[in-house]
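Here are the chains, one letter per residue:
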Amino acid sequence: MTIRKLLVSAAILATLTGGAWAADLPNTKGAPAFAPPPPPAFTWTGLYIGAQAGYEWGTSNATWEGDTVPFLPAPPAYVQPGYSDSGFVGGGHLGYNLQFN
């Protein structure tokens, strides 16, 4: 029975210390090869085109009657009648982006 315990103990000891011996072995592989980084998943390189547009509308009934600054001669009274203003504005753009590494 003691021989059996001795053999089991030796097998367990060999199993546990085998990895430590392998760590001390010399490396037979060369230096790792340089791998370039992977290309980005998305780039901003390319042609683009776009447009924008807008419209505004409004009315006003403001009036102005002369200058109210003291000690200055008052200009003739100017009365601005009510008006409505509306208009369209728009534009476009075209370009090309080139992204470098």
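1. Examining the overall build of the protein chain
Moving on, step 1. Check the secondary structure of the protein chain and you find one helix and two strands.
Moving on, step 2. Going residue by residue from the N terminus, the α and β elements of the protein chain occur as α-β-β.
Moving on, step 3. Counting across all 101 residues of the protein chain, residues that qualify as buried make up 3%.
Moving on, step 4. Of the contacts formed within the protein chain by residues at least 6 apart in sequence, a portion of 74% connects residues at least 24 apart.

2. Section: a nonpolar patch on the surface
Moving on, step 1. A surface patch of nonpolar side chains, amounting to about 800 Å² of accessible area, comprises Leu47, Ile49, Leu94, Tyr96, Leu98 and Phe100.
Moving on, step 2. Those elements giving two or more residues to the nonpolar patch turn out to be β1 (46-60) and β2 (83-97).
Moving on, step 3. One can find Leu94 in strand β2.
Moving on, step 4. For Leu94, a relative accessible area of 61% translates into the label exposed.

3. Points about the confidence of the model for the protein chain
In regions of low pLDDT, the predicted coordinates are not meant to be interpreted in detail.
Moving on, step 1. Summarising the model, the protein chain shows a mean pLDDT of 77, and 69% of its residues fall at 70 or more.
Moving on, step 2. Mean pLDDT values for the elements of the protein chain range from 77 in helix α1 (residues 2-23) up to 91 in β1.

4. A word on the environment of Gln99
Moving on, step 1. Of note, Gln99 is situated in the segment after β2.
Moving on, step 2. Note: C-alpha distance between Gln99 and Gly46 (53 residues apart in sequence) is 8.7 Å.
Moving on, step 3. If we skip the residues at most four places from it in the chain, Gln99 touches Thr43, Trp44 and Thr45.

How each quantity is defined
Residues numbered from 1 in each chain as written. Predicted model: local features only at pLDDT ≥ 70, side-chain atom pairs only at ≥ 80, totals over all residues. Heavy atoms only, no water. Helix = DSSP H or I, 4+ residues; strand = E, 2+ residues; numbered from the N terminus. Buried < 20%, exposed > 50% of the residue type's maximum accessible area, 1.4 Å probe, protein only. Contact = heavy atoms within 4.5 Å. Patch = residues over 30% accessible without salt bridge, like charges linked within 9 Å, V, L, I, M, F, W, Y side chains within 5 Å. Areas by Shrake-Rupley, 256 points an atom, 1.4 Å probe, with all protein chains shown as cover. Salt bridge = Lys/Arg side-chain N within 4 Å of Asp/Glu carboxyl O. pLDDT = per-residue confidence, 0-100.

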